[in-house]
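Descriptive structure summary
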Amino acid sequence: MGQEMDGPTEIRQDVARFSLRSTLLVPASAEHAFAVFAGALTDWWVAEYTWSGPAALAELGIEPRAGGMLYEIGPYGFRSDWGRVLTWDPPRRLVFTWQIGPDRVPVPDPAQASEVEVLFLPDADQVRVEVEHRHFDRHGEAAEGYRQALTAGWHELLSRFVVSVARNHPPLS
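Since the structure is predicted, the reported quantities are computational estimates derived from the model, not experimental observations. (Residues numbered from 1 in each chain as written. Predicted model: local features only at pLDDT ≥ 70, side-chain atom pairs only at ≥ 80, totals over all residues. Heavy atoms only, no water.)

Side note on the overall build of the protein
In terms of regular secondary structure, the protein is built from three helices and eight strands. Going from the N terminus to the C terminus, the protein shows its helices and strands as β-β-α-α-β-β-β-β-β-β-α. Over its C-alpha trace the protein gives a radius of gyration of 16 Å, about what one expects of a compact globule, namely 16 Å for 173 residues. Over its C-alpha atoms, taken along the principal directions, the protein stretches across nearly 45 × 40 × 30 Å. Across the 173 residues of the protein, 49% fall into the buried class. (Helix = DSSP H or I, 4+ residues; strand = E, 2+ residues; numbered from the N terminus. Rg over C-alpha atoms; globule rule 2.2 N^0.38 Å. Buried < 20%, exposed > 50% of the residue type's maximum accessible area, 1.4 Å probe, protein only.)

Details of the layout of surface pockets
Computed from the structure, the largest pocket encloses a volume of approximately 290 Å³. Considering the residues around the largest pocket, the lining is formed by 16 residues, among which Tyr49, Trp98, Ile100, Arg104 and Leu150 are closest to the centre. Of the residues forming the lining of the largest pocket, the biggest block, four residues, is contributed by helix α3 (residues 143-168). Of the residues in the lining of the largest pocket, the class split is 11 nonpolar, three polar and two charged. (1 Å grid on protein atoms, 1.4 Å probe; cavity = no way out; pocket = protein on both sides within 12 Å on 5 of 7 lines; lining within 4 Å. Points joined across faces, edges and corners; volume = space filled by probe spheres on them. Nonpolar A, V, L, I, M, F, W, Y, C, P; charged D, E, K, R; others polar.)

Examining the pairing of strand β8 (residues 126-134)
Within β8, seven of the nine residues are buried, which leaves it mostly tucked inside the rest of the structure. Of the strand pairs in this sheet, strand β7 (residues 114-123) and β8 are connected by nine bridges, and their pairing is antiparallel. Bridging from a neighbouring strand, Glu117 pairs with Glu132 of β8. Hairpin connection from β7 to β8: two residues lie between these consecutive antiparallel strands, with Ala124 at a positive phi of about 60°. (Pairing = 2+ DSSP bridges.)

Looking at the pattern of salt bridges
Scanning all chains against the criterion turns up 14 salt bridges. Measuring nitrogen to oxygen at the nearest pair gives 2.9 Å for the salt bridge that ties Glu132 to Arg134. The residues Glu132 and Arg134 share a single accessibility class, namely buried. Across the salt bridge formed by Glu156 and Arg160, the nearest N and O atoms sit 3.6 Å from each other. In this pair, Glu156 and Arg160 are both assigned in helix α3, four residues apart and thus about one turn of the helix distant. A residue is classified by how much of its surface remains accessible, and Glu156, at 33% relative accessible area, is partly exposed. Arg160 sits in the partly exposed class, given a relative accessible area of 33%. Where salt bridges share partners, they join Arg21, Arg93, Glu115, Glu117, Glu130, Glu132 and Arg134 into one cluster. (Salt bridge = Lys/Arg side-chain N within 4 Å of Asp/Glu carboxyl O.)

Re the sheet that holds strand β4 (residues 69-73)
Ordered in space as β1-β2-β8-β7-β6-β5-β4-β3, the eight strands form an open sheet in which the pairing is antiparallel. Here the strands that pair on one side only, and so sit at the sheet edges, are β1 (11-16) and β3 (59-62). Adjacent strand axes in the sheet meet at a mean angle of 20° when their direction is disregarded. Sheet strands touched by helix α1 (residues 30-39): β3, β5 (79-89), β6 (93-98), β7 and β8. Its angle to β7, the strand with the most contacts, is close to 155°. Against the sheet, α3 engages β1, β2 (19-26), β6, β7 and β8, with an angle of about 15° to β2. (Axes fitted to C-alpha atoms, helices over the stretch in contact; angles between N-to-C directions. Contact = heavy atoms within 4.5 Å.)

Let's talk about the side chain of His133
Checked against the element boundaries, His133 lands in strand β8. His133 sits in the buried class, given a relative accessible area of 0%. Separated by 2.7 Å, the side chains of His133 and Ser114 make a polar contact. Within polar-contact distance, the side chain of His133 engages the side chain of Trp154 at 2.9 Å. Setting aside residues up to four positions removed in sequence, His133 forms contacts with Phe18, Ser19, Leu20, Trp98, Ser114, Glu115, Val116, Leu150 and Trp154. (Polar contact = N/O pair within 3.5 Å; in protein donor to acceptor, adjacent residues only side chain to side chain.)

Set out below in structure tokens:
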């Protein structure tokens, strides 16, 4: 931690045994970055990471409230819930369970799921976004490999998130 970032598209990742923290600067307001992160998942999430796949994915979403679900809607309206909102505090903080196992099978028990916290911290004319994916140990013996896989996964997701923020809102000057 404590490294400087060269530009808004650089994503710094720090890992611990059972957690991953990704940090990036986004040239937008916290309100806009939060709105794109939580309200436009379908625009920036990697469709290949979904159960439906790119050809059949209809929607990804987050129900905007504590207790709301993170969900995927696929072919014929089939819905799969893959997380639950623990904290909904726009535009500052979002915390949710990650109820997808290392084998990509849904994890119904939240006590067996990892957790993601996203902070939106205003920083001059931009926002610092910090994403901590933690408690990989709850995924059992595959925890370390899963954390490694999601290190690359979060880098790809956040790279696409930055592009989506810029596409939907010109940078602040």
